[in-house]
Amino acid sequence: MDESSPILLFDSGVGGLTVYDALRQTLPQAPVIYVADLAGLPYGTKSEAQIAARVSGLLGRLAERFQPRLACIACNTASTIALGMVRDVLEIPVVGTVPAIKPAAALTQTGTIGLVGTQATIRQAYVDNLEAAFAGGKRLLRVAAPELVAAAEAKLRGKPVDPALIADVHARLIAMPGGDAIDTLVLACTHFPLLADELAQAFGPEVQQVDGAKGIARRIANLLDGQAFEAPLPNRFIVTGPVSDADGLADALTRRGFSAAEAF
Ligand code: DGL
């Protein structure tokens, strides 16, 4: 194993940085190449076929170019649709990001869990299967919030978040049958932990937010246990499409130890 071989982290946009942040806590010495498919953003409004083709094609090209030791799809939408396909294409371990229904089911006291994701994620059989396996006997209420993906992208570029967007997501969940008993909220899109403060304001302190970032970081660390790293910091942040789409992200990237955004 080449000690400088990176971990490849992939998302449609900046959402996967929430996984990156957890990974840096767990494996600070590991070199990371983060790829934001800004030319394909958002995934959540696309069809299963579009997402599967785009994600598996792109990851194949990325793996060839960067020779990573492991790839992580830091996106619930892409993972719930294309994880199996990507594993078939790549010859390295591939870690996915799937809605944290299992930990949420263990935490809820009322038995009612809210789940916020993209349109594509919330309709996946993958989510039905997680619900059946881990949340039997609980109530899982799902809403799609594509507008929060755009809000998280804007927030990381220094723009304010419109509280009405968050209030609307809260109102739609609470209005569902049994919704007023929600005490646990699954952030089933990697963009949404970037809005944790705004969500906490809308839902109140009694609703606990759950996401998969720390669990994914632990999983990656387990898979790479015993491997040596030579971390040529700064890490790299790469975008598909024009690099100007990353305008406004410089602060967020510098703070996280990345060099300036590069085009793929
Ligand atoms: N970050 C992605 C996820 O976790 C979705 C954003 C998008 O719609 O592209 O689902």
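Residues numbered from 1 in each chain as written. Predicted model: local features only at pLDDT ≥ 70, side-chain atom pairs only at ≥ 80, totals over all residues. Heavy atoms only, no water.

*Asks:* Hey, could you run me through the nonpolar core in this one?
*Replies:* Side chains of a nonpolar character, in soluble globular proteins, are inclined to be buried together. Core analysis: the biggest nonpolar cluster contains 55 residues, and Leu9, Leu27, Cys72, Ile220 and Phe237 have the highest contact counts within it. The residues contacting Leu27, other than those within four sequence positions of it, are Ile7, Ile220, Ala221, Leu224 and Phe229. Ranked by size, the runner-up nonpolar core spans 25 residues in total, among them Ile33, Val55, Cys75 and Leu83. (Core = buried A, V, L, I, M, F, W, Y, C linked by side-chain atoms within 4.5 Å. Buried < 20%, exposed > 50% of the residue type's maximum accessible area, 1.4 Å probe, protein only. Contact = heavy atoms within 4.5 Å.)

*Asks:* What am I meant to see in the sheet that holds strand S1 (residues 7–11) here?
*Replies:* Judged by pairing direction, the sheet is parallel, and its six strands sit side by side in the order S4-S3-S1-S2-S9-S10 without closing on themselves. In this open sheet, the two strands that pair with only one neighbour each are strand S4 (94–95) and strand S10 (262–263). Both strand S9 (residues 236–239) and S10 contribute to a ladder of two bridges, which runs parallel. Residue pairing in the sheet places Val239 in a bridge with Ala263 of S10. Running over the sheet, helix H2 (residues 48–66) touches S1, strand S2 (32–36), strand S3 (70–73) and S9 and is turned about 155 degrees from S1. (Pairing = 2+ DSSP bridges. Helix = DSSP H or I, 4+ residues; strand = E, 2+ residues; numbered from the N terminus. Axes fitted to C-alpha atoms, helices over the stretch in contact; angles between N-to-C directions.)

*Asks:* Hey, could you run me through H2 in this one?
*Replies:* One full turn of an α-helix is made of 3.6 residues, so residues set three or four places apart face in the same direction. For H2, built from 19 residues, the straight-helix expectation of 27 Å at 1.5 Å per residue is met to within 8% by its first-to-last C-alpha distance of 26 Å. Among the residues making up H2, those that are buried are Ile51, Ala52, Val55, Ser56, Leu58, Leu59, Gly60, Leu62, Ala63 and Phe66. If you follow the buried residues of H2, they end up packed against S1, S2, S3, helix H3 (76–89), helix H5 (119–122) and S9. With its phi angle positive at about 45 degrees, Gln67 sits one or two positions after the end of H2. (Expected span 1.5 Å × (residues − 1).)

*Asks:* Mind showing me how you'd approach the site of the ligand here?
*Replies:* Surrounding the ligand, one finds 14 residues, the nearest of these being Ser12, Tyr43, Asn76, Thr77 and Thr190. Asn76 is positioned with one of its backbone polar atoms (N or O) 2.8 Å from an oxygen atom of the ligand. Counted by class, the shell around the ligand contains six nonpolar, seven polar and one charged residues. (Near = heavy atom within 4 Å. Polar contact = N/O pair within 3.5 Å; in protein donor to acceptor, adjacent residues only side chain to side chain. Nonpolar A, V, L, I, M, F, W, Y, C, P; charged D, E, K, R; others polar.)

*Asks:* Got a minute to help me understand helix H7 (residues 146–156) in this structure?
*Replies:* For H7, the complete set of buried residues consists of Leu148, Val149, Ala151, Ala152, Glu153 and Leu156. Of the residues one or two after H7, Gly158 is the one with positive phi, at around 85 degrees.

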